[in-house]
Each structure stands twice: as structure tokens, then as C-alpha cells.
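# A structural walkthrough
One letter stands for each residue in the lines below.
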Amino acid sequence: MPVLSARYHHIEPSAIRQAQIAFESRTDGVKAINVAVGNVSLPMHPAMQKRMCNLTSSESPFADGIVRYTPTVGTPEANDAMKRVLEASGVDTTALFTHITSGGSEAMELIILGVCDKNRPLLVIDPIYSNYHTMASRVGVPVVAVPRELGSDGTFTRLNVDAVEALISTHRPGALLIIPYDNPTGTMLDQGTIDSLAALCVRHDIWMVSDEAYRELHYGAQKLASVWRIDTAKVPGIEGKRVSIESVSKVWNACGLRIGAMVTDNELLHTQTVAEHTVTLCASAIGQYIFGAIAHENVEKLHEWFAIQRTYYETMSRALVQGLQTSEPRLIVTAPESSLYCVVDVRALVPESFEAHDFCVFCAQKGGCEIEGEMFTLLLSPMSGFYTQSNYAKDPGRSQIRIAYVQDASTMQKVPKILMSLLHDYLARVRS
């Protein structure tokens, strides 16, 4: 048999996809509730739906059945739509360069390629979206992390700016990556903290990269924050050092459309990233056309859309957290301030030998809980995949699970009961 590469001998599926792959071989009729991945279940914006349903109409560029490549940078309309989204978030886009990609994931990889190197690592804030580890590894870039710990009160350690600067001084990274609307923790960076981190980037002359896929999904008293809303009078010199990752997947409920963007205020980075992207030609022409409808939407109407999404997910998150805490008071559960996720820590219920990864595999392959005459299981993400493991002597995510509240409300109501049933079943099997 031909030999696989060293990488392919050791690669494992992403932490957010492991459970789904493990479940696919089951034939026992158990139904899976997938809360492992942020695959939202709401309909797209009405203007996008209209275009999707009329792809072959006389007004569509695909009326003749021909689907051509677009420019690598993306269609003018799709880029205008991305700028309209930013404008609706209060961003002045006159000095920004946009570049449409195949989802935010492609933007991530292009950015890592463009601002880091094997001797200039990516500096992140742990725990971090798991795919950053894989993408950095794929292109030979090391990852350095600022650690955060989950306390017994359900809150993660607040970011220490001095600790960030110490790591910058020691490791000389190419870029600092932040996720203001945090995936996986659901916590949020306020604008003041972002400004302070921006000052570090200026002082040490490194890039500031902000993953803003969940911008506008902030709850309670939290206010919108962005790398593009940094007060340049307070942080002079940040211009030309900023990059953001954008996505149509979340706020626009279009995960499968696979449209995202890289946005920067540095023309050279923009030009060279487009050059790198020419290898894969362009993002989906059909996806760009569907998203392009947003270019023609009124900003005030977009504000109404944002408010609807926030209200929906805030209600969902509060119900889920309450349901989990009611089902088992010893659970440690984060109270989301943003994005679509909460973290559940079962450390008070399990032995030291417990591994969340093994429990998640059990749920996917063998677990089941009967509710109203039907058998259900959960597809979950173990938090071990979200930590930079080289930072720790012992896996800090061994007892932690990320739950995405992306199913409909009635389905999410089942999650606490199923989770506790699966956990008790798993622990009983391990003891026996």
C-alpha cells in the first residue's frame, strides 16, 4: 500500500466534527441532537432567501444555467454586501479592503499564512476555536496561548493585558488573535480591552487579527465591540495593522452557503492575500450572489434583523443554562455574554480519570436516553480540542464540554435531561 504522509498518519477530525463522524455508523435508530457544531437552524435573511429561490429567474445571472468563476477577490456586489454589514455595525468602511472567501475558515488560513511564520507564532487567548490549532499546524505556524481558567462560579478568568504583553515580549508573535464574541466560551471582550490590546500591537509592531463571525450577537448589558471601532485617537498607529474575519454563517443563518471574508486596512496584505487565494480561484459564485442581496438592504432594516437574532439567541441561552443548572446543581455552566455557546464542566461529578473526549465518543456511538417513547443522544464537542495543549501539564478541558444552542427551542429543552442521563450511564459503565 502506498505510504501516507506523516501528517495524515496522525490527523484526527476537528473537535466540533468528531461526534458527528462517530455517530454516522450507528444503525440502532437512536436520534442525534447535534449541539457539537454551530450549525444554526434559523432561516436566512428574507432578501437572501428570495435570491436562493429564484436562481433561474430572468433576473438571476444563472438564468442560462451557466455558473462561471468570479474574480478571486469576490464579486463587487458581494464585497459591497460585506461593507454594508460593517456599516450597519457602525464601522466606517472607506479605508477598508474586503475580500470574499469560502467561509470564515478560508479567511482564517489565508490570514495565518499572511501574518505569521514558523519563527513568528500566532498568539491566541485560550481556550480558542479548535480549528485555529489545525490551520496553524497545517501551514507550519506554532501557536502560543494566554491561558484562561474556568472557575467554579462559571466564569472564565478575565484577560490580563500585562500577561499578554509578557508573552509578546518572550515569543515575538506575528499576530495577536482575538475573538471578541468568544467561541467557545461565550464570554465577550469589551471595547476598552480591545483598545488596550491594540496598543500592545502598536507598541510591538505586530498584526491584530479579530474573528468577528458573531458580531452583533451580544447579550444583556454587553455593547458592540470590534477591531474596527478602536478609537484611533487613543491608539495612534493601529491603522494598517488590523485584520478581521467575517462570516455569513451565523448572524445571517447561512452556514452551508460557505461565504466569509477577510477585511483589512492594509492594502499590501489585501493584495498579497488575494494573490495567495488565486490558487483556489474563488468563493462560490452562487453563494456570493445570494449574500449579495444584503448590499441593497437599508441599514436601519439590518438593525432590526440584528435585534431579532439577539433576542432569539439570548432567550435560548438563558433557558439552556437554567435547564442545565436545574437538572444538576453541581454542574458548572457558563452564562453566555455573546455568540452561540456555553461551556459545561462536570468536574464535581466525575473521577480524576474522566476524559470528556471519551464521554463524547460514547454519546455518539452507544449512548441513548428515552424521552416520550423515542431514543435520543447528544453530539457534543470536548473542550480538550479548544486548548493549546503545549501550555499545560494536564489537559484543562478534560471535564469540559462545549454546547452550541443552535437547535430549535423545543429540541434544546431536551438537552439537560439527555446530558445527565448519558453521563450517569457512562459513569456506571466505567465503574463496572
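Chains are numbered independently. Their residues run from 1 in the order of the written sequence. Reporting of local features is limited, given that this is a predicted model, to residues whose pLDDT is at least 70; pairs of side-chain atoms are given and counted only at 80 or more, and all residues count toward the totals for whole chains, interfaces and linings. Computation of side-chain values covers all heavy atoms of the structure but excludes hydrogens and water.

### Regarding the sheet that holds strand β14 (residues 400–404)
Selection criterion: Note: two strands are recorded as paired if DSSP finds a minimum of 2 bridges between them. Strands here mean DSSP runs of E at least two residues long; helices mean DSSP runs of H or I at least four residues long; both are numbered from the N terminus.
Read from one edge of the open sheet, four strands run β9-β10-β14-β13, paired in antiparallel fashion. Taken across any chain shown, the strands that pair with only one partner, and hence form the sheet edges, are β9 (332–333) and β13 (381–382). Pairing of β9 with strand β10 (residues 341–345) involves two bridges; the strand directions are antiparallel. Bridge pairing links valine 333 to valine 344 in β10.

### Some thoughts on the pattern of salt bridges
Note the following rule: What counts as a salt bridge is simple: a side-chain nitrogen of Lys or Arg found within 4 Å of a carboxyl oxygen of Asp or Glu. Each residue's exposure class comes from its accessible area (1.4 Å probe, protein chains only) as a fraction of the maximum for that residue type: buried when under 20%, exposed when over 50%, partly exposed otherwise.
Under the defined criterion, the tally for this structure stands at 20 salt bridges. The partner of glutamate 109 in a salt bridge is arginine 138, and the shortest N-O contact between them spans 3.2 Å. Here glutamate 109, found in helix α5 (residues 103–115), pairs with arginine 138, found in helix α6 (residues 131–138); they are 29 residues apart in sequence, far enough to count as distant. On the basis of relative accessibility, which here comes to 48%, the residue arginine 138 falls in the partly exposed class. Its salt-bridge partner being glutamate 352, residue arginine 398 comes within 3.6 Å of it at the nearest N-O pair. Here glutamate 352 lies in the loop between β10 and α12 (356–365) and arginine 398 lies in the loop between β13 and β14, a separation of 46 residues in the sequence. Looking at glutamate 352, the relative accessible area reads 54%, which means it is exposed. A network of salt bridges, in which partner residues are shared, links Glu212, Arg215 and Glu246.

### Here we look at the nonpolar core
As a reminder of what qualifies: To form a nonpolar core, buried Ala, Val, Leu, Ile, Met, Phe, Trp, Tyr and Cys residues must be joined to one another through side-chain atoms within 4.5 Å. Here, residues are in contact when the closest pair of their heavy atoms is within 4.5 Å.
Judged by nonpolar contacts, the single largest core of 102 residues is most densely connected at Met48, Met208, Trp252, Phe291, Phe359, Leu380 and Ile403. Ignoring anything within four residues of it in the chain, the contact list for tryptophan 252 reads Met44, His45, Met48, Val85, Ser247, Ile294, Leu302, Trp305 and Phe306. In terms of nonpolar packing, the next biggest core, distinct from the first, is built from 35 residues, Ile112, Tyr129, Ile245 and Tyr387 among them.

### Considerations on the layout of surface pockets
The criterion, for reference: Only protein atoms enter the 1 Å grid used here, on which a cavity is any set of points holding a 1.4 Å probe that cannot leave and a pocket is any open set flanked by protein within 12 Å on both sides along at least five of seven lines; residues with an atom within 4 Å of a point are listed as lining. Grid points are joined across faces, edges and corners, and a volume is the space filled by probe spheres set on the points. Only Asp, Glu, Lys and Arg are considered charged, only Ala, Val, Leu, Ile, Met, Phe, Trp, Tyr, Cys and Pro nonpolar, and every remaining residue, Gly among them, polar.
Taken as a whole, the largest pocket spans an internal volume of roughly 800 Å³. Tallied by class, residues from the lining of the largest pocket come to 13 nonpolar, 14 polar and nine charged. The calculated volume of the second largest pocket comes to roughly 490 Å³. Among the elements that make up the lining of the second largest pocket, the one with the highest residue count is α6 (four residues). Residues belonging to the lining of the second largest pocket are distributed by class as follows: five nonpolar, 12 polar and two charged.

### Some words on the pairing of β10
Burial of β10 is extensive: five of the five residues sit out of reach of the surface. Looking at chain direction, β10 and β14 are connected through five bridges and run antiparallel. If you follow aspartate 345 over to β14, its bridge partner there is glutamine 400.

### Looking at the packing of helix α4 (residues 76–88) against helix α10 (residues 285–292)
Short version of the rule: To get an axis, fit a line to the C-alpha atoms, keeping to the stretch in contact for a helix; angles then go from 0 to 180 degrees between the N-to-C directions. For classification purposes, angles smaller than 35 degrees are called roughly parallel, those larger than 145 roughly antiparallel, those between 65 and 115 roughly perpendicular, and all remaining angles oblique. Handedness of a crossing follows from how the near helix is turned relative to the far one, being left-handed for an anticlockwise turn of less than a right angle and right-handed for a clockwise one.
Viewed as axis vectors pointing N to C, α4 and α10 meet at an angle of 45 degrees, and their least axial separation amounts to 8 Å. In terms of their interaxial angle, α4 and α10 are classed as oblique. Crossing hand, α4 versus α10: left-handed. Where α4 abuts α10, its residues Glu77, Ala78, Ala81, Met82 and Val85 lie against Gln288, Tyr289, Phe291 and Gly292. For the contact of α4 with α10, the residue count by class is six nonpolar, two polar and one charged.

Function cannot be inferred from these measures alone, as they are strictly geometric.
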